[in-house]
Amino acid sequence: VLDSLKKLVVDFLRGKDPYEVAVENFIKELQKTLLRADVNVKLVLQLTNSIRERALKEKPPPLVSRNEWFIKIVYDELSNLFGGDVKPQVFPQKTPYIIMLVGVQGSGKTTTAAKIAYFYKRYGYRPCLVCADTYRPAAYDQLSQLSKQIDVPFCGEQKSTDAVNIAKKCTEWCINQNSNIVIIDTAGRHGYGEEEALLKEMQEIAKSVNPDEIMMILDASMGQKAYELALRFHSATPIGSITITKLDGTAKGGGALSAVAATKAIIKFIGVGEKIPEIEVFEPRRFVGRLLGLGDISTLIEKLKSIEHSEEVEKRFAKALSTGKITLADIYLQLQTMRKLGPLAKIVQLIPGLSMMPIDDKQMKITEEKMRKWLAIIDSMTYEELRNPSIIDKNRMVKIAIGSGTTIEDVKELLKYYELVNTMIKNIKRRKTLFKKFGIDL
Ligand code: GDP
Ligand code: MG
C-alpha cells in the first residue's frame, strides 16, 4: 500500500498544477494511503497538519524548487511518524550478550532468531541459538535446522518440558562454547489478546537467565493493534526492543510501525521476507527515504558488506557514484554479487534515485543464464576493451563472442545493459548532489 507513495512523489514533482493546489492534492492522497495502511487517524491528521503548515510557510533554499522542498518536508514529517531520527543500537555494549525473543505463536520468533544470528555472524560475532520452546514438538527441529543452515551452534533439549531450565542450561553451554551472543527462542504459545500471560512467562524465563535484552516479535499484519501490545511491553521491561516481522506480506505495515513508534519503544529490526538474510536494521529516515523512492544507499552498502569480495565492490561502487562513471569491470563484480544477493530488481530499489526512474522491468530482469553468459563475455575481453567499451566494433564483437562461446547478440545486449547502468549511475550522482542540498542523508 505504501508503495504508492513513490508514484505520488513522481507525479508531484512532474505536475503542472499551482503549488497550493498540488500540495492539497498530495496531502489528500497521502492521507488516503496512510489510512489504507492502517495508520491511526489521529496520527495521520497530526502529520498532514504539520506538513501543510510547513509547506505554506517555509521558503526553499536557493536552487531548490518549491515542489522539491515540499518532498523534503514530507520526508521529514513521515520520518517522525515512524520514529524520527533514531538509529537503534544493534551492536552490544558488552559480551556475552543474551537476547531473549518473546511474542505470540506465529509472529516469527524462530525465523527471527535465525535471522538475527546470521546478521551478527556477518559482523564477526559468534552467535549461539537456544530453543526454549518446549510447547511445540517441531520447534526444536525447526531451529536446529535453521542453525545448521547458517552454521551457528545450537542448544536445546527434545525430551524436557522445562523451558526455564533449558534456557538456563543452554545459555551456560553457549557461553562455554565461546559464543558472545546468545539468542533464546521461546514458545509464546498464547493467542492474541493474552498479552498478560505472555508477559508473565517472559518474566519467569527472564528471571532465570537474566537476559541483556528482551526482544518482542510483532507481526506487521496486526496493524495499529500493535500499539497496545507494544506499550505494555515497553512499560513492562526497561531492556526491551521490538522487531516487526512480515512487512513484506501485509498492507498494514505502516500501521504497525507508526503505532509502535508512537509508544517510543525501540524498533530494532524489521523482517522483510521469509529468507534468513531478509532482515534490516530499522532506521526511520532510511525507511521513509525508500518509501518515497529516494532510495537507500546505506542499506545497499550494508548488503554488499555481507558478501566475500565486499570491500572491492563497495570501493568500486562508491567510486562509480562519486565519478558518475562505471566500468565493465564494475559490472562484472556487480553480476557476481547479484548471483549471491538475488534479483537486481530488489537491489535496484535500494539505490537512490533509481526507484524514481521509470525502469523497464524486462530490461532489468537478468536470468541466471544471462549472467553466466555476460560474465564469460567480460572474461574474454581485452583490457583495452574493458577500459573503453566504445571501441568494440563489429569485428571485436565477433572475436569476443567466439572467445566466450556466445553470440554477437549476447555481446550487444551486455553492452546495452552497460549503457543503461551507466546512465543510472549518472542520474544517481545528480540526485545525490541534489539531496545533499536538502540535508537528506542517503
Ligand atoms: P514463531 O511461531 O513465532 O516462532 O514463528 P515462525 O518463526 O515459525 O514463523 C511463522 C511464519 O512466519 C513462518 O512461515 C515464517 O516463514 C513466516 N515469517 C517470519 N518472518 C517473516 C517475514 O519477515 N516475512 C514473511 N513473509 N514471512 C515471515
Ligand atoms: Mg517458534
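Throughout this document, residue positions are counted from 1 along each chain, in the order its sequence is written. Key to labels: chains lettered from A, ligands numbered from 1, both in the order written. Under the rules for a predicted model, residues below a pLDDT of 70 receive no local features and side-chain atom pairs below 80 are neither given nor counted, while totals for whole chains, interfaces and linings still include all residues. With hydrogens and water set aside, each side-chain value is computed from the structure's full complement of heavy atoms.

Regarding the pattern of salt bridges
Here, a salt bridge means any side-chain nitrogen of Lys or Arg that lies within 4 Å of a carboxyl oxygen of Asp or Glu. In the structure shown here, the tally under the stated rule is 19 salt bridges. The residue Glu-58 makes a salt bridge to Arg-54 at a minimum N-O spacing of 2.6 Å. Here the term buried applies to any residue with accessible area under 20% of the maximum for its type, exposed to any over 50%, and partly exposed to those in between, with areas from a 1.4 Å probe on protein chains only. Taking the relative accessible area as the measure of exposure, Glu-58 reaches 25% and is therefore partly exposed. Between Asp-219 and Lys-246 there is a salt bridge, with its nearest N and O atoms 3.3 Å apart. Separated by 27 residues along the polypeptide, Asp-219 in strand β5 (residues 213-219) and Lys-246 in the loop between β6 (240-245) and α10 (253-262) bring together distant segments of the chain. Helix and strand assignments follow DSSP, with helices taken as H or I runs no shorter than four residues and strands as E runs no shorter than two, numbered in order from the N terminus.

Section: the environment of Thr-245
Along the chain, Thr-245 turns up in strand β6. Separated by 27 residues in the primary sequence, Thr-245 and Leu-218 place their C-alpha atoms 6.1 Å from one another. Whether two residues are in contact is decided by their heavy atoms, any of which lying within 4.5 Å being enough. Apart from the residues lying within four places of it in its own chain, the contact partners of Thr-245 are Ser-107, Gly-108, Thr-112, Ile-217, Leu-218, Asp-219, Ala-220 and Gly-271.

Comments concerning the pairing of strand β1 (residues 97-102)
Moving residue by residue along a regular strand, the side chains alternate between the two faces of the sheet. Within β1, six of the six residues are buried, leaving the element largely enclosed by the surrounding structure. We treat two strands as partners when DSSP finds at least two bridges between them. In the sheet, β1 pairs with β5 via four bridges, with the strands oriented parallel. Across the sheet, residue Ile-99 finds its bridge partner in β5, namely Glu-213.

Description of the site of ligand 1
It suffices for a single heavy atom of a residue to lie within 4 Å of a molecule or strand for the residue to be listed as near it. Around ligand 1, 17 residues are found, and the nearest of them are Gly-106, Lys-109, Thr-110, Thr-111 and Asp-248. Under this definition, polar contacts are N or O atom pairs within 3.5 Å; protein pairs additionally need one hydrogen-donor-capable and one acceptor-capable atom, and for neighbouring residues in sequence, both atoms have to be side-chain atoms. Interatomic distance of 2.9 Å between a backbone N/O atom of Gly-108 and an oxygen atom of ligand 1. Between ligand 1 and Thr-110, the relevant distance is 2.8 Å, taken from an oxygen atom to a side-chain nitrogen or oxygen of the residue. Summarising the interface, the protein chains cover 80% of the accessible area of ligand 1, which totals 580 Å² for the free molecule. With four residues, helix α5 (residues 109-122) is the single largest residue contributor to the shell around ligand 1. Its residues assigned to classes, the shell around ligand 1 comprises two nonpolar, 10 polar and five charged. In short, Shrake-Rupley with a 1.4 Å probe defines the accessible areas, and a residue's cover is counted only from the protein chains shown. Ten residue types, Ala, Val, Leu, Ile, Met, Phe, Trp, Tyr, Cys and Pro, are classed as nonpolar, four, Asp, Glu, Lys and Arg, as charged, and the remainder, Gly among them, as polar.

A short note on the sheet that holds strand β2 (residues 127-132)
With mixed pairing, eight strands are arranged side by side in an open sheet as β3-β2-β4-β1-β5-β6-β7-β8. Strand pairing shows two members of the sheet lacking a second neighbour, β3 (154-155) and β8 (279-281), which therefore form its edges. Strand direction decides the pairing type here: strand β7 (residues 267-271) and β8, joined by three bridges, are antiparallel. The residue of β8 that forms the bridge with Gly-271 is Ile-279. Axes here mean lines fitted to C-alpha atoms, for a helix over just the part in contact, with angles spanning 0 to 180 degrees between N-to-C directions. Helix-sheet contacts for α5 involve β1, β2, β4 (181-186), β5, β6, β7 and β8, and the interaxial angle to β4 is about 170°.

Considering the packing of helix α3 (residues 41-57) against helix α4 (residues 66-81)
In the contact formed by α3 and α4, the axes pass within 10 Å of each other and the chain directions differ by 150°. Judged by the angle between their axes, α3 and α4 are roughly antiparallel. Every pair of crossing elements has a handedness; the one defined by α3 and α4 is right-handed. Contacts between α3 and α4 pair Leu-43, Leu-47, Ser-50, Ile-51, Arg-54 and Ala-55 from the former with Phe-70, Ile-73, Val-74, Asp-76, Glu-77, Leu-78 and Leu-81 from the latter. In terms of residue class, the contact of α3 with α4 is made up of nine nonpolar, one polar and three charged. Small angles under 35 degrees read as roughly parallel and large ones over 145 as roughly antiparallel, with 65 to 115 read as roughly perpendicular and the rest as oblique. Take the far helix as your reference; a near helix turned counterclockwise from it by less than a right angle gives a left-handed crossing, and one turned clockwise gives a right-handed crossing.

What about the state of the cysteines?
By convention in this document, the label disulfide applies to cysteine sulfur atom pairs within 2.5 Å. Taken as a whole and assessed by the stated rule, the structure comprises two disulfides. Between the sulfur atoms of Cys-155 and its disulfide mate Cys-170 the distance is 2.1 Å. With the S-S dihedral at roughly -70°, the linkage between Cys-155 and Cys-170 falls on the left-handed side. Remark: Cys-170 occurs in helix α7 (residues 163-176) and Cys-155 occurs in strand β3; sequence separation between them is 15 residues. Both residues of the pair, Cys-155 and Cys-170, belong to the buried class. Here the disulfide map of the protein chain reads 1-4, 2-3, the bonded cysteines being numbered as they appear in the sequence. Here Cys-131 stays free of any disulfide, with the sulfur of Cys-170 as its closest cysteine sulfur at 8.3 Å. Given the relative accessible area of 2%, Cys-131 is considered buried.

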